[in-house]
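These are the residues of each chain, in order.
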Amino acid sequence: MTTTWTFNRRSLLQGAAVALSLTVATGLLPAEANADELPLAVPAGTKLVVTDDANRFETLFTLSGERDKLASEVTFVNFSSGPIGLEAIRAGEVHVGEVADVPPILAHYSGADVLIVAAVRRDGSGLSIGTAPNSNIKSLADLKGKRVAFGEATAAQATVIRNLQSVGLTLADIEPVILAPSYYSDALISGEVDAAPLKQPAGARYLARAGKDGAISIPSAAGAYTGLHYLYASKAALADPALSAAIRDYVVHWYRAERWRNENQNVWLSEYLVKGQGIPAEDADAILKADGNASTPGFTDEILGIQQATIDLLQKAGSFADKELKAKDEFDFRFAKLSADDQTARDTN
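Because the structure is a prediction, the values reported are computed rather than measured.

Undergrad: Mind showing me how you'd approach the environment of Glu258 here?
TA: Assignment of secondary structure puts Glu258 in helix 9 (residues 241-263). Residues Glu258 and Val120, spaced 138 residues apart in sequence, show a C-alpha to C-alpha distance of 8.4 Å. The contact partners of Glu258, leaving out residues within four places of it in the chain, are Phe57, Leu60, Val120, Arg122 and Ala294.

Undergrad: It is not clear to me how the packing of aromatic side chains should be interpreted in this structure. Could you clarify?
TA: The description of two aromatic rings rests on the distance between their centres and on the angle between their planes. Throughout the structure, instances matching the rule amount to 11 aromatic pairs. Between Phe57 and Trp254, the ring centres sit 6.0 Å apart and the planes meet at 70 degrees, which makes this aromatic pair edge-to-face. Residue Phe57 is found in helix 2 (residues 56-64), and its partner Trp254 is found in helix 9; the two are separated by 197 residues along the sequence. With centroids separated by 6.0 Å and ring planes inclined at 40 degrees, the aromatic side chains of Phe331 and Phe333 adopt a geometry described as tilted. One exposure class covers both Phe331 and Phe333, and it is buried. Aromatic rings pair up to connect Tyr230, Phe299, Phe331 and Phe333 into one cluster.

Undergrad: Would you explain helix 12 (residues 301-316) in this entry?
TA: Count 3.6 residues to each turn of an α-helix, and residues three or four apart come out pointing the same way. Over its 16 residues, helix 12 runs 22 Å from end to end, which matches the ideal 22 Å to within 8%, given 1.5 Å per residue. Against the buried residues of helix 12 lie helix 4 (103-110), strand 5 (114-122), helix 5 (155-166) and strand 11 (228-234). One or two steps after helix 12, the chain reaches Gly318, where phi turns positive at roughly 110 degrees.

Undergrad: Would you mind going over the environment of Arg67 with me for this structure?
TA: Within the secondary structure layout, Arg67 lies in the loop between helix 2 and strand 3 (73-78). A distance of 3.3 Å separates a polar atom in the side chain of Arg67 from a polar atom in the side chain of Glu58.

Undergrad: What should I look at first to understand the nonpolar core in this one?
TA: What tends to happen in soluble globular proteins is that the nonpolar side chains get buried as a cluster. Formed by 68 residues in total, the largest nonpolar core has its most connected members in Ile247, Tyr250, Val251, Trp254 and Phe335. Broken down by element, this core gets its largest block of residues, 11 residues, from helix 9.

Undergrad: Could you clarify how one ought to interpret the packing of helix 2 against helix 9 in this entry?
TA: Each pair of packed helices can be summarised by the angle the axes make with each other and by the distance between the axes. Packing of helix 2 against helix 9 leaves a shortest axis separation of 9 Å and a crossing angle of 75 degrees. Between helix 2 and helix 9, the angle is such that the two are roughly perpendicular. Between helix 2, through Arg56, Phe57, Leu60, Phe61, Leu63 and Ser64, and helix 9, the contact on the second element is made entirely by Tyr250, His253, Trp254, Ala257, Glu258, Trp260 and Arg261. Of the residues that constitute the contact of helix 2 with helix 9, the class distribution is 8 nonpolar, 2 polar and 3 charged.

Undergrad: Please explain the pattern of salt bridges as it appears in this structure.
TA: Per the stated rule, a full pass over the model turns up 17 salt bridges. Of the charged contacts, one joins Arg67 and Glu58 as a salt bridge, the two residues approaching to 3.3 Å between their closest N and O atoms. Its relative accessible area of 14% is what places Glu58 among the buried residues. Residues participating in the shared-partner salt-bridge network are Arg122, Glu258 and Arg261.

What counts and how
- Residues numbered from 1 in each chain as written.
- Predicted model: local features only at pLDDT ≥ 70, side-chain atom pairs only at ≥ 80, totals over all residues.
- Heavy atoms only, no water.
- Helix = DSSP H or I, 4+ residues; strand = E, 2+ residues; numbered from the N terminus.
- Contact = heavy atoms within 4.5 Å.
- Phe/Tyr/Trp six-rings, centres within 6.5 Å; stacked < 30°, edge-to-face > 60°.
- Buried < 20%, exposed > 50% of the residue type's maximum accessible area, 1.4 Å probe, protein only.
- Expected span 1.5 Å × (residues − 1).
- Polar contact = N/O pair within 3.5 Å; in protein donor to acceptor, adjacent residues only side chain to side chain.
- Core = buried A, V, L, I, M, F, W, Y, C linked by side-chain atoms within 4.5 Å.
- Axes fitted to C-alpha atoms, helices over the stretch in contact; angles between N-to-C directions.
- Parallel < 35°, antiparallel > 145°, perpendicular 65-115°, else oblique.
- Nonpolar A, V, L, I, M, F, W, Y, C, P; charged D, E, K, R; others polar.
- Salt bridge = Lys/Arg side-chain N within 4 Å of Asp/Glu carboxyl O.

Structure, rendered in structure tokens:
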């Protein structure tokens with residue numbers, strides 16, 4: 001069973017004190033932990049709150065058929081960025097959140113008491129660089145001296161840095177403009193910035209508005225996008241047997257739903273992108289290519305190495321620079337080997 005509601009910032013703040021009292025008492029889980037330590041049965045009436053973005057995950061679970069198989073009552077809450085969702089998790093309003101690879105680093109740095117419980121890697125091109133009309137930017141090299149927007153300590157920032165590095169540039173060669181992702185398109189249209197990283201479907205919508213005036217989209221350089229998407233959960237939820245079982249159940253169903261999307265991209269295009277998001281079919285096809293296919297790699301040495309490389313990249317750029325951060329400390333290794341083929345709570349009934 002799932003429902004969707006709109007996030008209330010006031011209720012978030014009211015929940016902060018409760019969340020703090022729960023997380024202070026919760027310690028790190030050991031790296032040698034394994035799935036056998038996770039409870040499997042989800043008690044009746046267990047409620048799980050999950051972040052969403054543009055209804056992507058609610059739609060994915062519904063179309064794939066996994067929505068009705070969840071053992072807990074799941075509520076999806078839409079947020080425009082990972083940091084806002086993290087604030088909700090810290091306040092106790094949300095239990096788990098889907099994010100790109102940088103928000104867990106921010107959470108780690110700030111002592112947010114969350115751990116990664118699932119990893120999905122998409123093999124598409126990911127973020128592109130949208131340009132403002134009349135910016136005269138035709139390539140990544142043309143970003144030199146330009147005003148480039150990104151959110152500080154976000155996956156967008158890491159992608160911008162890697163794109164700059166691909167053409168021999170650094171952040172010192174541009175004029176960074178720190179903006180929340182929800183403002184990128186308007187800032188480009190108004191000419192307040194010259195370029196900004198755009199995820200889909202926001203990128204397609206922006207080009208539909210501004211393409212006729214000369215705005216273009218520049219693909220990211222090879223390797224600029226890691227493709228990693230994580231699900232992280234509050235330690236307070238992970239310490240609760242009912243919620244940790246519900247989270248385990250949700251992870252396996254998410255992996256199954258992503259496998260379904262790989263095999264049914266035409267349905268995803270027509271039902272979510274075109275019908276659900278109002279995107280023209282030709283732009284929806286470009287979005288599919290930007291997403292690519294999803295895999296569920298687990299918490300392997302390769303994934304930990306990529307995450308550590310992103311930490312090092314951002315620290316070199318000045319973010320999180322005053323604290324030693326190790327990627328392995330960001331993961332709950334009890335979830336490391338879960339896959340789409342593992343049992344869910346209802347599989348055992």
